[in-house]
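Descriptive analysis of the structure
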Amino acid sequence: VQLQAFGGGLVQAGGSLTLSCAASGSTFRRKFMAWYRQAPGKEREFVAGITGTGSTNYADSVKGRFTISRDNGDNTLYLQMSSLKPEDTAIYYCNTFALRISTLSSWGQGTVVTVSS
């Protein structure tokens, strides 16, 4: 699966933004997908995940503020972000879900989200 995230930008604290991820390949609908992010000077971290049937899970830091969803017909993954905080500033990536991020060897283009205070 090839992946490209887009939709990032500059937003004020408290604002909202929706990210999209376009995926190629016929296996997308069966994949457990996830959003990850990497803040400046920090390691990449899990943000949210969604199974092929729509079950979701979230990092504690975004729970209640972010919503992950998918459109299997369009091979697209989404991340709706609200009540954004400066600490949400990062490059956001989509990829398949993995318990250990280090096992993911291929990353598509991320999208930059900057939250100003």
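So, a few notes on the structure that sits alongside this text. Just so we're clear, the structure is a prediction, and the values are computed from it rather than from any experiment. (Residues numbered from 1 in each chain as written. Predicted model: local features only at pLDDT ≥ 70, side-chain atom pairs only at ≥ 80, totals over all residues. Heavy atoms only, no water.)

The strands making up a sheet associate through hydrogen bonds between their backbones, and the pairing can be parallel or antiparallel. Taken together, the six strands give an open sheet; going across it, the order is β2-β10-β9-β4-β5-β6, and neighbouring strands pair in mixed fashion. Where the open sheet ends on each side, the last strands, each with one partner, are β2 (9-12) and β6 (56-58). The sheet shows a mean angle of 25 degrees between the axes of neighbouring strands, taken without regard to direction. One ladder, built from three bridges, connects strand β5 (residues 45-50) with β6; its direction is antiparallel. Looking at the pairing, Gly 49 lines up with Asn 57 of β6. (Pairing = 2+ DSSP bridges. Helix = DSSP H or I, 4+ residues; strand = E, 2+ residues; numbered from the N terminus. Axes fitted to C-alpha atoms, helices over the stretch in contact; angles between N-to-C directions.)

So, about the packing of aromatic side chains. Counting across every chain of the model gives five aromatic pairs. Residues Tyr 36 and Trp 107 carry aromatic rings whose centres are separated by 5.3 Å and whose planes lie at 85 degrees to one another, so their mutual orientation is edge-to-face. Here Trp 107 lies in the loop between β9 (90-96) and β10 (111-116) and Tyr 36 lies in strand β4 (residues 33-38), a separation of 71 residues in the sequence. For Tyr 36, a relative accessible area of 0% corresponds to the buried category. The class of Trp 107 is partly exposed, set by a relative accessible area of 25%. Ring centres of Phe 46 and Phe 97 lie 5.6 Å apart, and the angle between their planes is 85 degrees; on these two criteria the pair is classed as edge-to-face. Here the residue Phe 46 occupies a position in strand β5, and Phe 97 occupies one in the loop between β9 and β10, the gap between them amounting to 51 residues. Clustering of aromatic rings is evident, with ring pairs tying together Phe 32, Tyr 36, Phe 46, Tyr 93, Phe 97 and Trp 107. One Lys or Arg, Arg 44, reaches over the ring of Tyr 93 and ends 4.1 Å from the middle of that ring. The residue whose ring lies beneath Arg 44 is Trp 107, and the NZ or CZ to ring-centre distance is 4.1 Å. (Phe/Tyr/Trp six-rings, centres within 6.5 Å; stacked < 30°, edge-to-face > 60°. Buried < 20%, exposed > 50% of the residue type's maximum accessible area, 1.4 Å probe, protein only. Lys NZ or Arg CZ within 6 Å of the ring centre and 35° of its normal.)

Let us now look at the nonpolar core. With 28 residues, the main nonpolar core has Trp 35, Leu 77, Leu 79, Met 81 and Tyr 92 as its most contacted residues. Residue assignment for this core shows that the elements contributing at least two residues are β1 (3-6), β3 (17-23), β4, β5, β7 (66-71), β8 (76-81), β9 and β10. Looking at which element gives the most residues to this core, the answer is β3, with four residues. With near-sequence residues (within four places) excluded, Tyr 92 lies in contact with Ala 5, Leu 19, Trp 35, Tyr 36, Arg 37, Val 47, Phe 66, Leu 79, Met 81, Gly 110, Thr 111 and Val 113. Ala 34, Tyr 36, Ala 98 and Leu 104 belong to the second largest nonpolar core, which has five residues in total. (Core = buried A, V, L, I, M, F, W, Y, C linked by side-chain atoms within 4.5 Å. Contact = heavy atoms within 4.5 Å.)

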